[in-house]
Amino acid sequence: MPHKIGFVVVSSSGHEDGFSARELMIHAPTVSGWRSPRFCQFPQEIVLQMVERCRIRKLQLLAHQYMIPSKVEFYISESLPEYFTPYQAERFRRLGYVSLCDNEKTGCKARELKSVYVDAVGQFLKLIFHQNHVNKYNVYNQVALVAVNIIGDPADFGDETNITSREKLIDHYLGHNAEDPALEGTCSGKSDYISPLDDLAFDMYQDPEVAQIIRRLDERKREAVQKERYDYAKKLKQAIADLQKMRRPLDLPLQPLACPNSPHHQPPTRSLPQPEERVTENRLADPFLQEKPSSLCLDVSPQRPTVDRPPPATDPPPKTHPESLPYDERPLPVTRKQLGAAVSEAERRDVLGDEAHRADTAGEPEPLTEKALREASSAVDVLGEALVAGAYSKTWSHREDALLTLHKQLADTPVGTPKEDLKSMLRAAIFLVRRAIRDIVTPVFQASLKLLKMIITQYIPKHKLGRFETAHCVERTIPVLLTRTGDSSARLRVMASNFIQEIALFKEVKSLQVIPSYLVQPLKASSSTHLAMSQMALLARLLRDLGTEGAGFTVDSVMRFSVQALEHKGREVREAAVGMILDLYAQHRALVLEYLPPDDSATRRNVLYKTIFEGFAKIDGRPTDAEMRAQKRAAAEEAEKRKKEEIKALQGQLAALKEMQAGVQEKESEATKAKNQDTQERKVAPPNAPEIPDNHYLDNLCIFCGERSESFTEEGLDLHYWKHCLMLTRCEHCRQVVEISSLTEHLLTECDRKDGFGRCYRCSEAVSKEELPRHVKTRDCNPAKSEKLANRCPLCHENFSPGEEAWKAHLMGPAGCTMNLRRTHVLHKTPVLPLGKGPAATRAGTSGSKVGSKIPTPKGGLSKISSRTYTKR
């Protein structure tokens, strides 16, 4: 955004004592500025160096009241010449010149503020002053400059061009004006906006300390507006307006300046000023800038950059009220070292509060300007210039009266009036209504709504103008009304929203289905939170009233709008979008899911989507993630409790086994003695006597796969069962070690998660209940055979020959189960006795998840060797 650029004075061609060019570096009400030497030669020049290389956007000169140059030229340069001397124009590029008024009409009692809009890049600016205007006060033929102001951007800020945008061209040809009373209170926010606080008039006619306070308040106000703290911004704005009304008492009227020895010198008198002087004094007290028409003339060749200027006037300018002139064309009043009054937009709006009082004495509204006549020419032809002038008046009471008069005029229009006249009146009225909807004054805004409602509900049905005219009224006014739903005033926001909802339910408008199409237009991520929230609330209310069937709203349009609203910058808007999606899901579950990403862990990392999917679960009656986590936590605590109880029971069993082991050792010692005796007896026994089997055949032996190893101690067998035995596997759900042959029964009857499995009637295997319907429906599984005809492997899902030995062949053989992951382990097998030839081949049961069971001893008895349940440690 362009702002004030600081500068220093590099050189000047000369100055009068006490009025150095360095005075131009200070902007304050008490500065005197620069004056040329007395009876100097022309031209005079001053060279300024800006604090940085910048793109100059605006130059302002505050001329002296009577030491006025006839013309001032502007030059710009990137750097100074190596041997800089006055009048040297090398490396300087000419921008153009401005002519200054001779000030005769004001009696040399007003200073002229000249503003020039340029677009030039550089760091050095040279001003050349030409011959002075002759008047009775300037007895030494001097020229002077009270102040100079430079406004621009750093040169590297961007490569923005001055090409007029499409919107500006449209506004230009439609006659729209940023200072339109109906648009007062809006914020520009454009990159080329220049703050009034950077204007030269603000510093020159404002106390420096107060000016600093106002700047700080203005900065806070901008921050508050960006954060949408509009109430706080209004308070700051009012504080700024109050500070700008601090004025100092006026001094005596200006007296001619001359030396005591000059023949033109006369002593000042204390008499009352003449009538012309009184007018000047009154203008000084006026809060608006004093009028002083002046033309901006530039002599620029085609090869040189140009300075913006208005077309030259062919006739002398008529006398015009200062308020009707552009801001930069109003000259400033002059005072002798006193604090002047700078005009701000806030003060202009404050005057609105007194317009009601002035309305009684103001009489008729002011005539239409030429621009207003061009803009409202069609309405003037139909409604008359007096009524349109009231609608365009700067006094809000006139604007309100014009709308009320038009309301009565349309309501009293007799039936039978020609259709063309009726349509012309309607379109002219809509033109004024559309303008009045933008008005910041509440009574005018209310009058516009009242007139629009009457046109739609009474005027059109009464004269049977048809749907086309109704559509014209709605399409021309609803977009403007929607923008007012984001107004900084909560009262205006509510009024606009309620009116749109009311008008959308009228039968004349409901059948058009126009308003829903405007409400579901996507929100911009950077749009105002007030505007977005009003649109969301209005859409939600109309959805409840109209539904999504044949009323303009569809699930597609609403979901597209809501999904995009999830990306809005405002938290309240995103939360409202979530609520709208949940409401729509309750009615159209399947359709809503099509516009959302899949419900997975990646999507749920987004808090909004997590909230949406948990809301869906509540609507469907399913447990949410939080509830499922609570259930899993309770189940884990219960499992941990059962595990501790099992460990306690196993510890008791272990103690009993140790006691039994002590008894066995005693018996073994006795058996050893008996063995020695038997050895001696064998020596004398016949050679064909039957051998007695060794009772240590189970040592270092796995009773499941038949492998024997010296490492198979108690701990070694535990490790073998846990990781390497080819006949065993670990349950993926409870981590217990079970026989592969009994894995299916374990999952269905013993596993901690047995409730989550069901048996497939086709393959007889355990399948997760969530997958069981799809598993049964696809019929891809291999059918199982009867247990008498074949065994069924739960790993590779293949049928093979029945019997216990067939399990060993299938799980341990080289051509066996391909899904048994433990086959990759290098096994060091020992010879295994065939079934029925030795006790090692006898397996301890075919079902259950307990590793270890009862096997026959050589004498036919039972010996329980282990009842430990192997779980992951």
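Residues numbered from 1 in each chain as written. Predicted model: local features only at pLDDT ≥ 70, side-chain atom pairs only at ≥ 80, totals over all residues. Heavy atoms only, no water.

Caption draft 1: Structural context of the overall build of the protein chain. From N to C terminus, the protein chain includes 26 helices and 18 strands. Scored against the burial criterion, the 873 residues of the protein chain give a buried share of 44%. Within the protein chain, contacts between residues separated by at least 24 positions form 67% of all contacts whose residues are at least 6 apart in sequence. Split by element, the accessible area of the protein chain, about 48,700 Å² in all, is 53% carbon and sulfur. (Helix = DSSP H or I, 4+ residues; strand = E, 2+ residues; numbered from the N terminus. Buried < 20%, exposed > 50% of the residue type's maximum accessible area, 1.4 Å probe, protein only. Contact = heavy atoms within 4.5 Å. Areas by Shrake-Rupley, 256 points an atom, 1.4 Å probe, with all protein chains shown as cover.)

Caption draft 2: Spatial organisation of the packing of helix H19 (residues 571-585) against helix H21 (residues 607-620). At a minimum axis separation of 10 Å, H19 and H21 run at an interaxial angle of 30 degrees. As the angle between them shows, H19 and H21 are arranged roughly parallel. Considering the relative orientation of H19 and H21, their crossing is right-handed. The segment H19 lies against H21, with Arg 574, Val 578, Ile 581, Leu 582 and Tyr 585 engaging Leu 608, Thr 611, Ile 612, Gly 615, Phe 616, Ile 619 and Asp 620. A per-class count over the contact of H19 with H21 returns eight nonpolar, two polar and two charged. (Axes fitted to C-alpha atoms, helices over the stretch in contact; angles between N-to-C directions. Parallel < 35°, antiparallel > 145°, perpendicular 65-115°, else oblique. Left-handed = near helix turned anticlockwise from the far one by under 90°. Nonpolar A, V, L, I, M, F, W, Y, C, P; charged D, E, K, R; others polar.)

Caption draft 3: Structural detail: the pattern of salt bridges. Under the criterion given, the structure shown has 28 salt bridges. Across the pair Glu 73 and Arg 94 runs a salt bridge whose closest N-O atoms are separated by 2.7 Å. Residue Glu 73 is found in strand E5 (residues 71-77), and its partner Arg 94 is found in strand E6 (residues 93-99); the two are separated by 21 residues along the sequence. The exposure classification of Glu 73 matches that of Arg 94, with both residues buried. One salt-bridge network, held together by shared partners, links Arg 55, Arg 57, Asp 119 and Asp 153. (Salt bridge = Lys/Arg side-chain N within 4 Å of Asp/Glu carboxyl O.)

Caption draft 4: Looking closely at the environment of Gly 758. Within the secondary structure layout, Gly 758 lies in strand E13 (residues 757-759). Between the alpha carbons of Gly 758 and Ser 768 there is a distance of 6.3 Å; along the sequence they are ten residues apart. Ignoring anything within four residues of it in the chain, the contact list for Gly 758 reads Leu 748, Glu 765, Ala 766, Val 767, Lys 769 and Leu 772.

Caption draft 5: Examining the confidence of the model for the protein chain more closely. A residue-level look at the protein chain finds 73% of positions with pLDDT of 70 or above and a mean pLDDT of 75. Ignoring residues within four places in sequence, the model shows residues 248-362, a span with pLDDT below 50, making 187 contacts including any to other chains. Here residues 826-873 scores under 50 on pLDDT; set against residues more than four positions off or in separate chains, the count is 87 contacts. (pLDDT = per-residue confidence, 0-100.)

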